[in-house]
Each structure stands twice: as structure tokens, then as C-alpha cells.
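Secondary and tertiary structure notes
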Amino acid sequence: MIINHPLLGPRDSSEFYHLGDATLIDRPNREDVNAAEAFYEYLYVRDNPAGKYCELWYHEQGDRSWLVVTRDTTTHEISEVKLASDEARARGRSV
Amino acid sequence: MRFSALKVLTEGLTGNKGWTPHWREREPKNEYDIIVVGAGGHGLATAYYLSKKYGQKNIAVLEKGWLGGGNIGRNTTIVRSNYMLPENNPFYEHAMKLWENLEQELNYNAMMSQRGILNLGHSDAQRDTYARRGNAMLMSGADAVLLDRNGVRNLVPFLNFDHERFPITCGLWQPRAGTARHDAVAWGYARGADQNGVDIIQNCEVTGFQIENGVCTGVETTKGKITAKKVGVCVAGSSSRVMEKAGMRLPIESHVLQAFVSEGLKLTIPGVVTFGAGHLYISQSDKGGLVFGGDIDKYNSYAQRGNLPVIEHCAEDMMAFLPMLGRARLLRMWGGVMDMSMDGSPFIDKTHIEGLYFNGGWCYGGFKATPASGDCYAHLLAKDEPHPLAANFRLDRFMRGQIIDEKGVGAQPNQH
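Report follows, based on the coordinates. (Residues numbered from 1 in each chain as written. Chains lettered and ligands numbered in written order. Predicted model: local features only at pLDDT ≥ 70, side-chain atom pairs only at ≥ 80, totals over all residues. Heavy atoms only, no water.)

Moving on to the overall build of chain A. Looking only at helices and strands, chain A features two helices and six strands. Traced from its N-terminal end to its C-terminal end, chain A shows the element sequence β-β-β-α-β-β-β-α. Across chain A, contacts joining residues at least 24 apart in sequence account for 47% of those joining residues at least 6 apart. Accessible surface for chain A amounts to roughly 5200 Å². Of this, 47% is attributable to carbon and sulfur atoms. (Helix = DSSP H or I, 4+ residues; strand = E, 2+ residues; numbered from the N terminus. Contact = heavy atoms within 4.5 Å. Areas by Shrake-Rupley, 256 points an atom, 1.4 Å probe, with all protein chains shown as cover.)

Turning our eyes to something else, we now look at the interface of chain A and chain B. Listed as interface residues are 26 residues of chain A and, on the opposing side, 26 residues of chain B. Of the roughly 2200 Å² buried between chain A and chain B on both sides combined, carbon and sulfur atoms contribute 51%. Its largest share of buried area at the contact with chain B, chain A owes to Tyr 44, Asn 48 and His 76 of chain A, together 29% of the area lost on that side. Where chain A packs against chain B, one counts three salt bridges. With its nearest N and O atoms 3.3 Å apart, the salt bridge here joins Glu 253 of chain B to Arg 46 of chain A. (Buried area = accessible area lost by both parts, 1.4 Å probe. Salt bridge = Lys/Arg side-chain N within 4 Å of Asp/Glu carboxyl O.)

The next subject is helix H5 (residues 124–139) of chain B. All names here are of chain B. Given a rise of 1.5 Å per residue, 16 residues ought to cover 22 Å, and the 23 Å separating the end C-alpha atoms of H5 matches this to within 8%. Lining the buried residues of H5 we find helix H3 (89–100), strand S4 (117–121), strand S5 (145–148) and strand S6 (170–174). Positive backbone phi, approximately 90 degrees, marks Gly 141, located one or two places after H5. (Expected span 1.5 Å × (residues − 1).)

On to the packing of helix H2 (residues 41–52) of chain B against helix H7 (residues 182–195) of chain B. All names here are of chain B. At a closest axis distance of 8 Å, the pairing of H2 and H7 adopts a crossing angle of 35 degrees. For H2 against H7, the interelement crossing comes out left-handed. On H7, the residues touching Leu 44, Ala 45, Ala 47, Tyr 48, Tyr 49 and Ser 51 of H2 are Ala 186, Tyr 189, Ala 190, Gly 192 and Ala 193. Of the residues belonging to the contact of H2 with H7, the class tally is nine nonpolar, two polar and no charged. (Axes fitted to C-alpha atoms, helices over the stretch in contact; angles between N-to-C directions. Left-handed = near helix turned anticlockwise from the far one by under 90°. Nonpolar A, V, L, I, M, F, W, Y, C, P; charged D, E, K, R; others polar.)

Residues and elements named next belong to chain B. Scanning all chains against the criterion turns up 30 salt bridges over all chains. Measuring nitrogen to oxygen at the nearest pair gives 3.7 Å for the salt bridge that ties Lys 230 to Asp 384. On the criterion of sequence distance, the pair formed by Lys 230 in strand S11 (residues 224–234) and Asp 384 in the loop between helix H10 (366–383) and helix H11 (397–400) is long-range, its members being 154 residues apart. The exposure class of Asp 384 is partly exposed, given its relative accessible area of 32%. Among the salt bridges present, the one from Arg 329 reaches Glu 263, with a minimum N-O distance of 3.2 Å. Separated by 66 residues along the polypeptide, Arg 329 in the loop between helix H9 (308–321) and strand S16 (330–341) and Glu 263 in strand S12 (residues 252–264) bring together distant segments of the chain. For Arg 329, a relative accessible area of 58% translates into the label exposed. In this structure, a network of salt bridges that share partners links the residues Glu 93, Lys 97, Glu 100, Asp 143 and Arg 176. (Buried < 20%, exposed > 50% of the residue type's maximum accessible area, 1.4 Å probe, protein only.)

This part takes up the packing of aromatic side chains. Tallying each qualifying case throughout the model produces 21 aromatic pairs over all chains. The interplanar angle of 5 degrees and the centroid separation of 4.0 Å between the aromatic rings of Tyr 83 of chain B and Tyr 92 of chain B together place this pair among those described as stacked. Taken individually, Tyr 83 of chain B and Tyr 92 of chain B each receive the classification buried, so the pair is uniform in this respect. A network of ring pairs unites the aromatic residues Tyr 40 and Tyr 44 of chain A together with Phe 347, Phe 358 and Phe 398 of chain B as a single cluster. Over the ring of Trp 19 of chain B we find Lys 7 of chain B, and its NZ or CZ is 5.6 Å from the ring centre. (Phe/Tyr/Trp six-rings, centres within 6.5 Å; stacked < 30°, edge-to-face > 60°. Lys NZ or Arg CZ within 6 Å of the ring centre and 35° of its normal.)

Residue and element names in this part refer to chain B. Structurally, Asn 89 is set in helix H3. The class for Asn 89 is buried, based on a relative accessible area of 0%. A distance of 2.7 Å separates polar atoms of two side chains, one belonging to Asn 89 and the other to Ser 140. Ignoring anything within four residues of it in the chain, the contact list for Asn 89 reads Ser 81, Asn 82, Tyr 83, Met 137, Ser 140 and Ala 142. (Polar contact = N/O pair within 3.5 Å; in protein donor to acceptor, adjacent residues only side chain to side chain.)

Residues and elements named next belong to chain B. Tracing the backbone through its elements, the reader meets Glu 105 in helix H4 (residues 102–106). Residue class for Glu 105 comes out partly exposed when judged on its relative accessible area of 31%. Distance in space between the C-alpha atoms of Glu 105 and Ala 303 is 36 Å, their sequence separation being 198 residues. Discounting residues that sit within four places of it in the chain, Glu 105 has contacts with Tyr 48 and Lys 52.

Residues and elements named next belong to chain A. An order of S3-S4-S5-S6 is seen for the four strands of this open sheet, with the pairing classed as antiparallel. The strands lining the two open edges of the sheet, one partner per strand, are strand S3 (17–21) and strand S6 (78–83). If you compare each strand with its neighbour and ignore which way they point, the axes differ by 30 degrees on average. Here strand S4 (residues 52–58) pairs with strand S5 (residues 66–72) via seven bridges, running antiparallel. Within S5, the position partnered with Leu 56 by the bridge is Val 68. (Pairing = 2+ DSSP bridges.)

Below, the discussion takes up the environment of Phe 166 of chain B. All names here are of chain B. With respect to the helices, strands and loops of the structure, Phe 166 is situated in the loop between helix H6 (149–155) and S6. When the C-alpha atoms of Phe 166 and Phe 275 are compared, they prove to be 9.6 Å apart, with 109 residues separating the residues in sequence. Apart from the residues within four sequence positions on either side, Phe 166 is in contact with His 122, Phe 275 and Ala 277.

Attention shifts here to the environment of Asp 396 of chain B. Residue and element names in this part refer to chain B. Within the secondary structure layout, Asp 396 lies in the loop between H10 and H11. Here Asp 396 falls in the partly exposed class, since its relative accessible area comes to 28%. Separated by 45 residues in sequence, Asp 396 and Thr 351 have C-alpha atoms that sit 9.3 Å apart.

A few words now on the nonpolar core. Residues and elements named next belong to chain B. Grouped together as the largest cluster of nonpolar side chains are 53 residues, with contacts concentrated most on Leu 44, Phe 91, Trp 99, Val 185, Tyr 189 and Ile 348. At the level of elements, strand S1 (31–37), H2, strand S2 (59–62), H3, H4, H7 and H10 are the ones that each hand at least two residues to this core. With eight residues, the single largest contributor to this core is H10. If we ignore the near neighbours within four places in the chain, the residues touching Ile 348 are Phe 91, Phe 358, Asn 359, Trp 362, Ser 373, Cys 376, Tyr 377, Leu 380, Ala 390 and Phe 393. In terms of nonpolar packing, the next biggest core, distinct from the first, is built from 32 residues, Val 219, Leu 250, Met 342 and Leu 395 among them. (Core = buried A, V, L, I, M, F, W, Y, C linked by side-chain atoms within 4.5 Å.)

Put into C-alpha cells, the structure is as follows:
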């Protein structure tokens, strides 16, 4: 698989480490009343779709950036690659 | 029809005209006591034990495609009970004991071959962990032998013992482990279940569940609605997709695991050997092909095919400890979709929906569990209470903090 890095261009996926679902960006607030339930869902429960899937990849053997990759899990076709920092900012998770 | 040496002989002398189909083609009835969704190894074993051991009569197994077409037909056929955690190994040892008597039980040649599994060790630390694991295995009734370098050399003298980075210094050997013919396991259980009156219905996809007021009363299929008192889902690889139809989200990700077979060679490797400094397991089939596999591809996939980096990694591992195979040619490779659970351990449990049960999350270790999974799931379905050996394989264990993390890597499915 080739991941089209937003800054570095096309890179082989073997340079990357795959973490998992991009919902991991949305860490719950530990001070919420339902924090235990929210962290259980956050850590352990997954949609696991057959089809379009947003996931976090880490460019371990490259510039060490985190990417949000949109990939089809039935064909491995990648339709969109964004910097996770941009995505986190857009979701209000980072400044 | 019972198989016997006499039957083989007489059929051979009379033109093999007396063989009959191993199971019947069935159309679904309107109503069953128990429906098992998925005619893979675990589903068929469940139906078999329900009908044989737990006295259930009115059972159907529904299968989207053809019987045994999923991971029971795609694995590397290894059977073993060398787990460590007390929640796991008694269960797998139960499976091992069922494996040892499977062919007599089913009157079917599953080519069970107890040639042993040898885990290679390459450091002092690894010898310590093998000693610990071996002791845990002995305590749960399994067999284990800790070998030093010479012990390993006596068993498999052809390995590369003096690799610069990963010299072989020790090994953990389970003599009772081995391999079984994967397809024949599915066929044997299907034949046994069919003989006990189970309806095995192929090309019948479950498209939805009939759930009213929190009670599951049946399934919707491509062959119409079927009512059932209990529905047991058993579709590892597709668990999330099927349980989504019941509105459930699972602690599971689907990942692809590749397996490989070489061209046929003369007898080369006596049992199953695994490399301890990477991840590679290899055995030799009765046809002579070397059957081997390694890690999953580490990204979510439903594609049933993998990518080249894992193949390269497996080849590198193999060259590190079996350089004599460097000129063997790869004959075939394939991929299967694994239910990778969040702690690397499976589920055999009720769901919050009454009458709906779930079996899945086998990661890439489901084949060896087949008989015990079927037995324990049948126990749960028939008696509504978990089998003591599978009582920890619960869906809510993450919420309760009772995870069963054999490898100790946390909620990271691609690392288990």
C-alpha cells in the first residue's frame, strides 16, 4: 500500500505504524460524570466497518507525523490523507 | 454410512459406487429451537455437540456461502494448548483432549497428527518465560518440556543454531500438539451433525435479527424469515458486520492474516517449529508442502488478501533459523479475515438481547479451539449458563477490568 503523505508525497505503508480508529483523537474528559463508560467505549469498542474507515497511522520511519488516513477496508484503496494535527485542530482537540 | 477399513476395501474392489454424500442438502423450516449462524468449524462443532451431548433436537446451521469456506479452510492447521493464563489454558487443554479423540468420535479421518510443537528460544530471558509458561501448562493438565540447546538439537538438528543475532539457546516443546486436516474437521462435524438431524443450510445469508422488546425471536435470511427460540452467532471474521444488524458494537477489529505453502518437498520438518525472535510458525503437510505463517498485516481489513511486506518479513524470519529452505519455492499464499479482540482472547457469551448469543473474537488462534469452542458454546446455548472452562470469555470483561491479555500489550488488536 502507498500512503500519499500530505508533506512528503507517496510513501510505502511499511514506513508507518498503524494505531487504529481515528476516533482515538476524541479522548473523553476524565472529569465527566460518565467518564468510566466513555473511556470503556473509547478504548475497547469499535465500529469496525467493512468499507470506508478513518484510521491513525504514525510515520515512524519518516517524519514522525501522525496521519488520518481514509481507507476502504474491503479494497485497501486510500481516498484521503490528512495530518492528524490538522484534523485534531478542526475537531477542537488541539490549538 | 460408517467409514471403516473394510468399507474402503470393498468400495475399492467394487468401483467406489457405494459412497453417499456426507450430509444432506436442506431447505429451512419455519421454526427451530436453536439456530447457529455460520457453518464454519466452530458453528458446525456447536451444532454437533448440541445434538450429541446436550440433547437438543431441532437445530439449524445457516451459512452465507458454502460450508467450511471461511477461516476453517484457511488456517495453518496447528493444534496446541501452550497458553499461559488460567482463563485460557484449561480451555485449550480441553480442546486438546477432544482433538485426541476427534476421529473416533466423528468416525472421520481428520488426519490428526500429534507431532509436537517446538517454540524456539534465543535468550536467557526467553528461557525464563518458557519455564514459566511450561509450568503454567503443566498446572492446567497440559504437557510441556523445557529443552536446552542440545535438547533442541536432538529434535531438529537442521536449524541454524549459530545465527549472529538470534542463536538458538533453548526451546519449549509440547509433544501432544500437532496438526489436523482443517477442511476434514469442518466436514467431519458437518457429517456428524447431519447424522444427528441438524439441518445445515448453505447459501442462506442472515440479513437481520427479529428483536422485539429486547428478545430475539428469530432471523431474517435470504431464504425468508425463520423463527427460533435461541440464535447463536458464530461468524468470526465477520462478527462486527453481523452483530451490527442486532445494533451491537463489539470490542473487535477485523484484520487480515496471510498463510503460505511451498512446493512439495521430501520429509523435512518433523513437527511444528516456531521462531522465537520474530513471528513464524512452520510445519509440513502430508503432501510435503511447507505450511507457514507469521504476523497479521497490522491494519484493519476485510479483503481476505494481504500485502507484500508481511511476506518479505516471513521470508526473512525463515531464513534466520531455516536457511536450508532458501531455495524452496512458494506455491500458494492466501489471506483470511480475523476477529482481533481488544485483549487477544475470545468471547463465548450471552448478549444483552435475550435469546441472542455470541461466539467470536478468536484472533488468529481459532482453529485449535474448534472442539472446545463448539462444546462450550453448545453448553451455553442449551443450558443458558456458561461452561466452567469458558466462563471468563465474556463480552463485558473490559468494562469490569477482567481482561485476558495473554501477550500483555493492552487494547491494541494489531499487536496481539
